Amino acid sequence: MSRGRAFVLGATGQIGRATVGALAQDGWEVTAASRGGGRDSGWDAGVRDVALDREEAGALEAALGDGCDVLVDMVAFGRDHAAQLIGLADRVGSAVVVSSGGVYEDGRGRSFDTQEQLDGFPEFPVPIPETHRTLAPGDTTYGTRKVRLEQELLASGDAWPVTLLRAGAVHGEYCRTPRELYFVKRVLDGRRRRVLAYGGASRFHPVHVSNVAELIRLAALRPGSRVLNSADPQAPTVAEIGVAVDEVLGVETETVLIDGAPPEGVIGSTPWSGARPVVYDMSAAERELGYRPVTGYAESLHRTVEWLAGQLDGRDWTEAFPKMAANYGEALFDYAAEDAWLEKHGHGA
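Attention in this report is confined to the structure presented alongside it.

The rules we used
The written sequence of each chain sets the order in which its residues are numbered from 1. Where local features are concerned, this predicted model is filtered to residues with pLDDT of at least 70; where side-chain atom pairs are given and counted, the filter is 80 or more; whole-chain, interface and lining totals use all residues. Just so you know, side-chain values use all the structure's heavy atoms and leave hydrogens and water out. Burial classification: accessible surface area is computed with a 1.4 Å probe over protein chains only, and a residue below 20% of its type maximum counts as buried, one above 50% as exposed, and the rest as partly exposed. The numbering of helices and of strands both runs from the N terminus, where a helix is a DSSP run of H or I of at least 4 residues and a strand a run of E of at least 2. If DSSP finds at least two bridges between two strands, the strands pair. Orient the strands so they point away from the viewer, and a crossover whose first-strand-to-second-strand path over the helix runs clockwise is right-handed. In these notes, a set of buried Ala, Val, Leu, Ile, Met, Phe, Trp, Tyr and Cys residues joined through side-chain atoms within 4.5 Å is what counts as a nonpolar core. By definition, residues are in contact when any of their heavy atoms lie within 4.5 Å. Salt bridges are counted wherever a side-chain nitrogen of Lys or Arg sits within 4 Å of a carboxyl oxygen of Asp or Glu. Axis geometry follows a simple rule: fit a line to the C-alpha atoms, using only the stretch in contact for helices, then measure angles between N-to-C directions, giving values from 0 to 180 degrees.

Side note on the pairing of strand E1 (residues 4–9)
- Counted residue by residue, E1 has five buried out of six residues, so it is predominantly covered.
- In this sheet, strand E2 (residues 28–34) lies alongside E1 in parallel orientation, the contact comprising six bridges. Directly across from Ala6, in E2, lies its bridge partner Val30.
- This β-α-β element, E1 to helix H1 (residues 14–25) to E2, shows right-handed connectivity.
- Taken together, the four bridges between E1 and strand E4 (residues 68–73) define a ladder with parallel strand orientation. Paired with Val8 across the bridge in E4 is Val72.

Right under this line is the structure:
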């Protein structure tokens, strides 16, 4: 028996692939929409895929036809997308929209949008509840646009139920900016020594795509107007992540720990590095949706590492992951600078 019709926007993205699969397996009739169209090889044959550019006037309305029971949006930002979704309320039973943990700000007004985060993340409570203060809504940055989206969608009230999911550091296959690349590439390049700032104790709470998909599945079954965090059951330290990657690849790497911030340039800095932890409270999702995680961080890592190794095979990392290169630059793998610092401080080969 069908649970109803589900329409997924951003279906061939990282979270979208897992979500389409989870909804189809749960009995939904799924339409998978993405700008380039296409489908994932793991999807059920009953999934209908369509090519759709939501920015084209009338395209989304036409693709929806007479509507759906739940619309899942992976790629919404800002006031325009909020207005677009609200304009569809008469033909959509409920919505589930992916937001970001980047909407929070600390007591000093620092967030992931501000340059101050470079001294090691904003200072948040551990864990961060959904009631914690957020950025002011705006139209210029990633975080402020997500807040604008959230506020305008929630203003529609219970008449049109919308669940907003504030995702942590998303990981898994098909990621365009995979943080695990930092460790995987080093191992594949034969590096057996790594440097970690902040004593290797940095924590930036991850969430696997299958855990986001599970939250979406549950929210589709229990429509409501709510905001929920989305994160894994564990928030491992960066040192623990490095060890977990080593275990998957069957190697041992010596870790050189630095107390405090990177001493020179980005020596010891990783995509997780910060002086203060970022950990999300998942109790509301457990209470409101009966959520239980599908996987933990270490358990999910084998497939991620295998996928990363395959993407790197025969290609420069900047070609395989251009968005990662744009975000972090060549310094992410500046082995010469790293070796010079190690030699200078008595950690030579």
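Comments concerning the nonpolar core
- Counting residues in each nonpolar core, the largest one holds 70 residues, and the members touching the most others are Val30 and Ile216.
- At seven residues, the largest contribution of residues to this core is made by helix H6 (residues 209–221).
- Beyond its immediate chain neighbours, meaning those up to four positions away, Ile216 contacts Ile15, Thr19, Val72, Met74, Val96, Val98 and Leu165.
- With 23 residues, the next largest nonpolar core counts Ala33, Cys68, Ala82 and Trp160 among its residues.

Concerning the pattern of salt bridges
- Applying the stated criterion across every chain yields a total of 24 salt bridges.
- A salt bridge links Arg35 to Asp53; the nearest nitrogen and oxygen atoms lie 3.8 Å apart. Here the residue Arg35 occupies a position in the loop between E2 and strand E3 (48–51), and Asp53 occupies one in the loop between E3 and helix H2 (59–64), the gap between them amounting to 18 residues.
- Arg133 is paired through a salt bridge with Glu105; the nearest N and O atoms lie 2.7 Å apart. Here Arg133 is found in the loop between strand E5 (92–100) and helix H4 (142–154), whereas its partner Glu105 is found in the loop between E5 and H4, with 28 residues between them in sequence.

Structural notes on the sheet that holds strand E6 (residues 162–167)
- The seven strands lie next to each other as E3-E2-E1-E4-E5-E6-E10, forming an open sheet whose pairing is parallel. Each edge of the sheet is formed by a strand with only one pairing partner; in this case those strands are E3 and strand E10 (226–230). Mean inter-strand twist for the sheet, computed between neighbouring axes without regard to direction, equals 20°.
- Helix-sheet contacts for H4 involve E5, E6 and E10, and the interaxial angle to E5 is about 155°.

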